[in-house]
Amino acid sequence: MKDVVTDITIYVDLSLSADGSVIWLRSSLGLYDVNAIPRQVLISLLTANTDYGSSKFDLTDMGGGKARIYMDTVIDRAAITPAALNAAITSQETAVEGTEGVWDPSKWPKAEIK
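Definitions and limits used
- Residues numbered from 1 in each chain as written.
- Predicted model: local features only at pLDDT ≥ 70, side-chain atom pairs only at ≥ 80, totals over all residues.
- Heavy atoms only, no water.
- Helix = DSSP H or I, 4+ residues; strand = E, 2+ residues; numbered from the N terminus.
- Buried < 20%, exposed > 50% of the residue type's maximum accessible area, 1.4 Å probe, protein only.
- Contact = heavy atoms within 4.5 Å.
- Areas by Shrake-Rupley, 256 points an atom, 1.4 Å probe, with all protein chains shown as cover.
- Lys, Arg positive; Asp, Glu negative; His and termini not counted.
- Charge placed at Lys NZ, Arg CZ, Asp CG, Glu CD.
- Pairing = 2+ DSSP bridges.
- Axes fitted to C-alpha atoms, helices over the stretch in contact; angles between N-to-C directions.
- Arc of directions from axis to C-beta.
- Phe/Tyr/Trp six-rings, centres within 6.5 Å; stacked < 30°, edge-to-face > 60°.
- Lys NZ or Arg CZ within 6 Å of the ring centre and 35° of its normal.
- Salt bridge = Lys/Arg side-chain N within 4 Å of Asp/Glu carboxyl O.

Attention now moves to the overall build of the protein. Broken down by element type, the protein carries three helices and four strands. When the helices and strands of the protein are placed in sequence order, the string is β-β-α-β-β-α-α. By its C-alpha atoms, the protein is 45 × 40 × 25 Å across when sized along the principal axes. In the protein, buried positions account for 30% of the 114 residues. In the protein, of all internal contacts separated by at least 6 residues, the share reaching a separation of at least 24 is 62%. Carbon together with sulfur atoms contributes 56% to the accessible area of the protein, which is approximately 7,200 Å² in total. If the 10 positive side-chain charges of the protein are averaged to one point and the 15 negative ones to another, these points end up 6 Å apart.

This is the structure we're talking about:
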């Protein structure tokens, strides 16, 4: 498999669930005008949710016609070790990089950008 070099900086926020049972990893992938997101991009986001294990896209309404796209990963806190956390962060990075063509507007088909 060919390695792909990207210049993406990925930030991963970690948080503990209210009941303490899981750790959430979250990467913000941008703030978008809801009406400017092409229909095919939304379909691609949903389709990609099956490709990266526990990493899933989340489209959150931010109000004012804006939405933020996140990549979320959930890991079981009971199974966490330093190695498992490192693997989860690496998996999150792989999922974000592997889906750049879906969430990055500069990669969307030009005819579809409103």
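Anyway, onward from the coordinates.
Taken in spatial order, the four strands make up an open sheet running S1-S2-S4-S3, and their pairing is antiparallel. The open sheet is flanked by strand S1 (13–16) and strand S3 (55–63), the only strands paired with a single partner. Strand-to-strand, the axes of this sheet are offset by a mean angle of 35°, without reference to chain direction. Sheet topology places S1 next to strand S2 (residues 22–33); four bridges connect them, and they run antiparallel. Bridged to Leu 14 within S2 is Leu 25.

To continue, consider helix H1 (residues 39–48). Buried within H1 we find Val 41, Leu 45 and Ala 48. Down the axis of H1, the buried side of the element spans an arc of 70°, and every buried residue falls inside it. In H1, the exposed residues that point more than 90 degrees away from the buried face are Arg 39 and Leu 46. Next to the buried residues of H1 lie S3, strand S4 (66–76) and helix H3 (100–103).

Time to look at the environment of Val 96. Looking at the element boundaries, Val 96 is found in helix H2 (residues 82–98). Classification of Val 96 by relative accessible area gives buried; the value is 1%. Separated by 25 residues in sequence, Val 96 and Met 71 have C-alpha atoms that sit 6.9 Å apart. For Val 96, the contacting residues outside a window of four places in its chain are Ile 10, Ser 27, Leu 29, Met 71 and Trp 103.

Okay, the packing of aromatic side chains next. Counted under the stated rule, the structure contains one aromatic pair. When the ring centre of Tyr 70 is taken as origin, the NZ or CZ atom of Arg 26, which lies over that ring, is 3.7 Å away.

We now examine the pattern of salt bridges. As enumerated under the stated definition, the model contains three salt bridges in all. Residue Asp 58 pairs with Arg 26 through a salt bridge whose shortest N-O separation is 2.4 Å. With Asp 58 in strand S3 and Arg 26 in strand S2, this residue pair connects regions lying 32 residues apart in the sequence. A salt bridge links Lys 107 to Glu 100; the nearest nitrogen and oxygen atoms lie 3.8 Å apart. Classification of Glu 100 as buried rests on a relative accessible area of 14%. Sharing partners across several salt bridges, the network here consists of Arg 26, Asp 58 and Asp 72.

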